[in-house]
There are 2 protein chains.
Amino acid sequence: MGIKLKSKELCDRIKTQLNNDVSTLKESSIEPVLSSLLIGNDGGSIFYTGIQKKKCDEVGIKYDLHRLPADISFQELKIIVEKLNNDDNVHGILIQSPLPEALNAREVFNLITPKKDIDCQTTTNIGKLYSGEFDFAPCTAISAIELAKQTGIEFEGKDIVVIGRSNVVGKPLFQLLNNEDATVTVCHLKSKDINKKCMEADIVFACAGSPKLVDASYVKKGSILIDIGTTNVDGKIVGDINLEEVIEIADYVSTVPGGVGPLTTIILLRNVVSNAIKSKE
Amino acid sequence: MGIKLKSKELCDRIKTQLNNDVSTLKESSIEPVLSSLLIGNDGGSIFYTGIQKKKCDEVGIKYDLHRLPADISFQELKIIVEKLNNDDNVHGILIQSPLPEALNAREVFNLITPKKDIDCQTTTNIGKLYSGEFDFAPCTAISAIELAKQTGIEFEGKDIVVIGRSNVVGKPLFQLLNNEDATVTVCHLKSKDINKKCMEADIVFACAGSPKLVDASYVKKGSILIDIGTTNVDGKIVGDINLEEVIEIADYVSTVPGGVGPLTTIILLRNVVSNAIKSKE
C-alpha cells in the first residue's frame, strides 16, 4: 500500500521561510507586490485569483489585482502592463489564462518585462528556460518536481513519462527533468500504448487534463505518480490519476486536491519574494 | 537488407529551387547575403565555413565571411553584429560555434537580431521555437527531420528515441518531433538501457557524438535510423551509427558522410533566401 503524497508540510515550510523573508524586507521598507491581471470573467481564473489573494495575505505580499473587461484592447493593456513594468514597487506580474479570444495571448504575455515574469510567460523567459540559463520556470512544473522530490527520489537516470505536452506544464517538465538527468518520454493524445510506456516508468507526471486516466494498467510496482490534472467534474476538482486504484501498486501518489495545486501558488509567491530581495541588492 | 539513406537527391532538388528563387531576386536587384562570423581558429569551423562558401557560390548567395581574432572583445563584436543587423543588404547572420572561452556564447548569439537569426541561435528564437510559433529552428534538427521524411514515414503516433540532448540538436529535435505528434524519448549519458529503449522505437535519431554507438543491439527490425554524429576519428568523419552492422536490420539508415550534414548547409541557405524574399515584400 503506497503513500498519499500531500504538499501541506512543504507548503508550510516554504511559507514560514517567506514570512521571515517578508519581515526582513519590511524592515527595509520593502513590501513585496504581486500584480495580477484578470481579463474577462473566466470562472477558473476568478477562483485562482481568490486563492492567490488569500495566500499573499498569509505571507505578507500585497496582491494587486487588476480586473479588466474582456473587450479591453491590446493598446490599453500595453499601457497598464508597461506602468507595472516601470513601477519599482511591483516585484512580479502575472497575466491569468485563458485570455479572451480576441487577444493574441503570446503578444499579451510578451508585454511583461522578463525580470518580473515570475511564471515564465514571456518568449524571452521560455527561451532562457530551454537554453538552460533561466531565472523562472513555469510554477506548476516546478511545483510538480518539488513535490516528487519530497519522496527522497533522485531523478538522475530515472525513466520518467510525462502525459501531456502543454507549453505551461508538459514541455517545461520535459526540460526541467532532462536538466536533472532523467530520461523523459512525453506522451499525448496521439501516443500509442501510453499505459505500457508508463508501466516501464519510475515516475509518471500526469498533466493531460483527463480525469482518472491513469489506472492500474499504467502503474509499475514501486513507482511514483504525480497528478497535475485539475478537471472540474460536476463542481468537483478531479485529477488525472485514479488514486484509490493505483495506491495499491505505487509507492507514492500525489493527491488532488492537496498536492501540486496549493504548492504552485506558494512557488509563485516565492518568486515574488525572491524578486523583491533582488530589488534590494 | 535496408536502404542507405543519402541526402544528395533532396539537396539537389532544394538547390534547383534556390537557384530559381535567387534568379528571380536578382531580377529585382536583390542579391541574398549570408554574413558569417568566424571568431578564432577552430579547425571544424574553418572547415564548415569553407563548405558554406562553396554552397553559397553554387546557389548564387554572397557569403560574407568575417574572420575575427580569438581575443576580440564583446564590445567590438557588438559593433560588427549591429552593423550587420542594420544592413538591409544582409539577409542572414550566423556565428560559428564553438566560441573562444573568454566570450559568453549566449550573450554573443543574442547580438543577432532575431529576424536575421537563420539558425535559431538567439534566446528569442529559442523561446519562439518552444512556444510553437517560430520562423527558424536549428538547421541541423530540421535537416535530420527532412531526411527522415524522405522515407515516406509519417511521424504521428510513432515512437522516437533521440540520443543526445544538446541545445542545437537533441532538444530542438524533441520539440519539432513533438510538434509532428510523435512520442519522443530523449536519452543521454545518464540514461539507462539506451539500447533497449531504441529497440522499441520506430525511428532513432542519433546525435550523441559517440562514434558507432548504435549497433545491432539498438535496432528494431524495420526501423529508421538517422545519424547526426560527426566525430573526427583519425582525420575521418565518423557517425554515431554502425551502419554496416545495422543495415541488415533497419529499413533505412542515413549515411555519414552524405546524409544530414550536406542537407544542413542547404537548409541554412534556404533560410537566407527565404529572408531575402521576405525583404522584398
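Rules behind the numbers
- Residues numbered from 1 in each chain as written.
- Chains lettered and ligands numbered in written order.
- Predicted model: local features only at pLDDT ≥ 70, side-chain atom pairs only at ≥ 80, totals over all residues.
- Heavy atoms only, no water.
- UniProt positions renumbered as here; feature names shortened; annotations may be inferred.
- Domains from an automatic or database assignment.
- Helix = DSSP H or I, 4+ residues; strand = E, 2+ residues; numbered from the N terminus.
- Buried < 20%, exposed > 50% of the residue type's maximum accessible area, 1.4 Å probe, protein only.
- Core = buried A, V, L, I, M, F, W, Y, C linked by side-chain atoms within 4.5 Å.
- Contact = heavy atoms within 4.5 Å.
- Buried area = accessible area lost by both parts, 1.4 Å probe.
- Salt bridge = Lys/Arg side-chain N within 4 Å of Asp/Glu carboxyl O.
- Polar contact = N/O pair within 3.5 Å; in protein donor to acceptor, adjacent residues only side chain to side chain.
- Nonpolar A, V, L, I, M, F, W, Y, C, P; charged D, E, K, R; others polar.
- Pairing = 2+ DSSP bridges.

- Named according to an unreviewed UniProt entry, chain A is Bifunctional protein FolD originating from Oceanirhabdus seepicola.
- Turning to chain A, the UniProt annotation filed under Pathway (unreviewed entry) states: "One-carbon metabolism; tetrahydrofolate interconversion."
- Looking at the Sequence similarities (unreviewed entry) heading of the UniProt record, one finds this comment for chain A: "Belongs to the tetrahydrofolate dehydrogenase/cyclohydrolase family."

Quick look at the domain arrangement of chain A
Interfaces are often described in size by the accessible area the parts lose on coming together.
Phase 1 of the analysis: On domain assignment, one finds that chain A holds domain 1 (29-116) and domain 2 (139-261).
Phase 2 of the analysis: Centre-to-centre, using C-alpha coordinates, domain 1 of chain A lies 29 Å away from domain 2 of chain A.

Observations regarding the environment of Glu9 of chain A
Residue and element names in this part refer to chain A.
Phase 1 of the analysis: As for its placement among the helices and strands, Glu9 is situated in helix α1 (residues 8-27).
Phase 2 of the analysis: Judged by its relative accessible area of 63%, Glu9 is exposed.
Phase 3 of the analysis: Each C-alpha atom, one on Glu9 and one on Leu263, is 9.9 Å from the other, the two residues being 254 residues apart in sequence.

Details of the nonpolar core
Phase 1 of the analysis: In this structure, Leu173 and Phe205 of chain A together with Leu173 and Phe205 of chain B are the most contacted members of the largest nonpolar core, which totals 110 residues.
Phase 2 of the analysis: Excluding residues that lie within four positions of it along the chain, Leu173 of chain B makes contacts with Ala141, Ala144, Ile145, Val162, Phe205, Cys207 and Ile228 of chain B.

Focus: the interface of chain B and chain A
Phase 1 of the analysis: With 32 residues of chain B at the interface, the matching set in chain A holds 32 residues.
Phase 2 of the analysis: Between chain B and chain A the total buried area reaches about 2,800 Å² when both faces are included, carbon and sulfur atoms providing 48% of it.
Phase 3 of the analysis: Contact with chain A buries surface across chain B, with Tyr130, Lys171 and Lys190 of chain B losing the most and accounting together for 17% of the total.
Phase 4 of the analysis: One can count 12 salt bridges joining chain B with chain A.
Phase 5 of the analysis: Across the pair Asp202 of chain B and Lys192 of chain A runs a salt bridge whose closest N-O atoms are separated by 3.3 Å.
Phase 6 of the analysis: Here chain B is connected to chain A by 21 residue pairs in polar contact (both at pLDDT 80 or more).
Phase 7 of the analysis: Elements represented by at least two residues in the side of chain B that touches chain A include exactly α5 (123-130), α7 (170-179) and β6 (183-187) of chain B.
Phase 8 of the analysis: With 6 residues, α5 of chain B is the single largest residue contributor to the side of chain B that touches chain A.
Phase 9 of the analysis: Grouping the constituent residues of the side of chain B that touches chain A by class yields 7 nonpolar, 12 polar and 13 charged.
Phase 10 of the analysis: When strand β6 (residues 183-187) of chain A meets β6 of chain B, the two strands line up antiparallel, connected through 3 bridges. Residue pairing for β6 of chain B: Val186 of chain A is matched across the bridge by Val184 of chain B.

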